[in-house]
Amino acid sequence: DRLQNDREILLNVLVDATLKNIPYSISYYNYIANTKFCDDKEVVLKAISASVNNFKYASSRLKDDREVVLAALKKDIYFPFVYAYIKDREIFIANNYEHLEYAPSDLRADSEFMYKAITVDGYNLTYASEELKNDRQFVLCAVSGPSYRSGYALQFASEELKKDRFIVLAAILNYSDALQYASEELKRDRMIVLAAVSKCVTSLKYAALQLRNDRQFILTALYMAATAENS
């Protein structure tokens, strides 16, 4: 009982746990039942130093405290539970736009913030607002990124932009299987399908049935795929 109610002893236990790298949990000692500890900033910061998991047991007030959130991220940048409480864009920026699924809606709708996010990884298009997913320049930037994940992001574009030949072509040049996310009309487009197949012949499976049943087209596609592979 004394351990549970004595603040100084608790702080000493947590400091000792941190020094010895022992992941003590506040809940293990049933401190969560004592709200004065869970709303005590010094105790919570020391507890997080002992184990990032202790962030879960902080009061609602302290979960919204920037210093407490930063302490948890410093302890473990990959602890996803923390990101649900981040409201500061600078924290997301400092952490390379990780876990944007937890970003507040106003940040997801902020074109400047999200442009930087899709520049880091085009796949971040999935977290953008519906308005940005329908913005031609924004989506083109997302699918034109340096990695295959950027092309893969085509699936998150609006249905209207999946009909845009230029955007779909840009995505395919990054990731040939992005053809599967193109509109049905573009899956019948010979130039678009050949662009995908020249990158990877297996992308042919995403072409419209009428093209897959066209013998002359298949021969052309296979020739282009072989030529690309040998070039």
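Each remark here, short or long, concerns the structure printed above.
Nothing here was measured: the structure is a model prediction, and the numbers come from that model. (Residues numbered from 1 in each chain as written. Predicted model: local features only at pLDDT ≥ 70, side-chain atom pairs only at ≥ 80, totals over all residues. Heavy atoms only, no water.)

Undergrad: Would you mind going over the pattern of salt bridges with me for this structure?
TA: If the charged atoms of two oppositely charged side chains come close together, the side chains can form a pair. Using the criterion set out here, one finds 13 salt bridges in the structure. A salt bridge links Asp-65 to Lys-41; its shortest N-O distance comes to 3.2 Å. Taken as a pair, Asp-65 in the loop between helix H5 (60-63) and helix H6 (66-75) and Lys-41 in helix H4 (residues 41-50) lie far apart in primary sequence, 24 residues in all. A relative accessible area of 17% means that Asp-65 is categorised as buried. The exposure class assigned to Lys-41 is partly exposed, which follows from its relative accessible area of 27%. One network of salt bridges, in which partners are shared, links Lys-41, Asp-65 and Glu-67. (Salt bridge = Lys/Arg side-chain N within 4 Å of Asp/Glu carboxyl O. Helix = DSSP H or I, 4+ residues; strand = E, 2+ residues; numbered from the N terminus. Buried < 20%, exposed > 50% of the residue type's maximum accessible area, 1.4 Å probe, protein only.)

Undergrad: Whenever I open this one, the packing of aromatic side chains confuses me. Can you help?
TA: Aromatic ring pairs are defined here through the distance separating the ring centres and the angle between the ring planes. Enumeration over the complete set of coordinates arrives at eight aromatic pairs. With 6.4 Å between their ring centres and 75° between their planes, Phe-92 and Phe-113 make a pair best called edge-to-face. Remark: Phe-113 occurs in helix H10 (residues 111-120) and Phe-92 occurs in helix H8 (residues 89-94); sequence separation between them is 21 residues. A relative accessible area of 0% means that Phe-92 is categorised as buried. Between Tyr-152 and Tyr-175 the ring centres are 5.5 Å apart and the planes differ by 80°, which places this aromatic pair in the edge-to-face class. Of this pair, Tyr-152 sits in helix H13 (residues 148-152) while Tyr-175 sits in the loop between helix H14 (165-174) and helix H15 (184-187), placing them 23 residues apart in sequence. Counting every residue linked through ring pairs, the aromatic cluster contains Tyr-123, Tyr-152, Phe-156, Tyr-175 and Tyr-181. Positioned over the ring face of Tyr-123 is Arg-149, at 4.4 Å from the centre of the ring. (Phe/Tyr/Trp six-rings, centres within 6.5 Å; stacked < 30°, edge-to-face > 60°. Lys NZ or Arg CZ within 6 Å of the ring centre and 35° of its normal.)

Undergrad: When you look at the nonpolar core in this model, what are you seeing that I'm missing?
TA: A general trend in soluble globular proteins is that nonpolar side chains are found buried together. Counting residues in each nonpolar core, the largest one holds 63 residues, and the members touching the most others are Phe-92, Leu-100, Met-114, Leu-125, Leu-154, Ile-172 and Val-193. Setting aside anything within four residues of it in sequence, one finds Val-193 in contact with Leu-179, Leu-186, Lys-187, Leu-204, Ala-207, Leu-211 and Phe-217. (Core = buried A, V, L, I, M, F, W, Y, C linked by side-chain atoms within 4.5 Å. Contact = heavy atoms within 4.5 Å.)

Undergrad: Help me understand the packing of helix H12 (residues 136-143) against H14, please; the structure alone is not making it clear to me.
TA: Two quantities define a packed helix pair, namely the angle between the axes and the distance from one axis to the other. At a minimum axis separation of 8 Å, H12 and H14 run at an interaxial angle of 15°. Considering the angle they form, H12 stands roughly parallel to H14. You can see that H12 and H14 cross each other, and the crossing is left-handed. Between H12, through Arg-136, Val-139, Leu-140 and Val-143, and H14, the contact on the second element is made entirely by Phe-166, Ile-167, Ala-170, Ala-171 and Asn-174. Grouping the constituent residues of the contact of H12 with H14 by class yields seven nonpolar, one polar and one charged. (Axes fitted to C-alpha atoms, helices over the stretch in contact; angles between N-to-C directions. Parallel < 35°, antiparallel > 145°, perpendicular 65-115°, else oblique. Left-handed = near helix turned anticlockwise from the far one by under 90°. Nonpolar A, V, L, I, M, F, W, Y, C, P; charged D, E, K, R; others polar.)

Undergrad: Can you walk me through the environment of Met-191 in this structure?
TA: One can find Met-191 in helix H16 (residues 190-199). The class of Met-191 is partly exposed, set by a relative accessible area of 43%. Expressed as a C-alpha distance, the spacing of Met-191 and Arg-165, which sit 26 residues apart in the sequence, is 9.7 Å. Those residues in contact with Met-191, other than ones at most four positions away along the chain, are Arg-165 and Leu-169.

Undergrad: Just to check I follow, could you spell out the side chain of Asp-110 for this structure?
TA: Along the chain, Asp-110 falls in the loop between helix H9 (105-108) and H10. Overall, the relative accessible area of 19% leaves Asp-110 in the buried class. Excluding residues that lie within four positions of it along the chain, Asp-110 makes contacts with Arg-89 and Leu-132.

Undergrad: When you look at unusual backbone geometry in this model, what are you seeing that I'm missing?
TA: Trans peptide bonds make up most of the peptide bonds, and negative phi angles are found at most residues other than glycine. Phi is positive for His-99, which is not a glycine, with a value near 55°. Mapped onto the elements, His-99 comes out in the loop between H8 and H9. Residue class for His-99 comes out buried when judged on its relative accessible area of 19%.

Undergrad: Looking at this structure, I do not really get the environment of Asn-96. What am I missing?
TA: Structurally, Asn-96 can be placed in the loop between H8 and H9. When the C-alpha positions of Asn-96 and Lys-116 are compared, they lie 9.6 Å apart, and in sequence the two are 20 residues distant.

Undergrad: Quick question: what am I supposed to make of H12 here?
TA: Each α-helix winds once per 3.6 residues, and so residues spaced three or four apart point in a common direction. Of the positions making up H12, those classed as buried are Phe-138, Val-139, Leu-140, Ala-142 and Val-143. Sitting at the amino-terminal end of H12 is Asp-135, which places a side-chain oxygen 3.1 Å from the backbone nitrogen of Gln-137. (Polar contact = N/O pair within 3.5 Å; in protein donor to acceptor, adjacent residues only side chain to side chain.)

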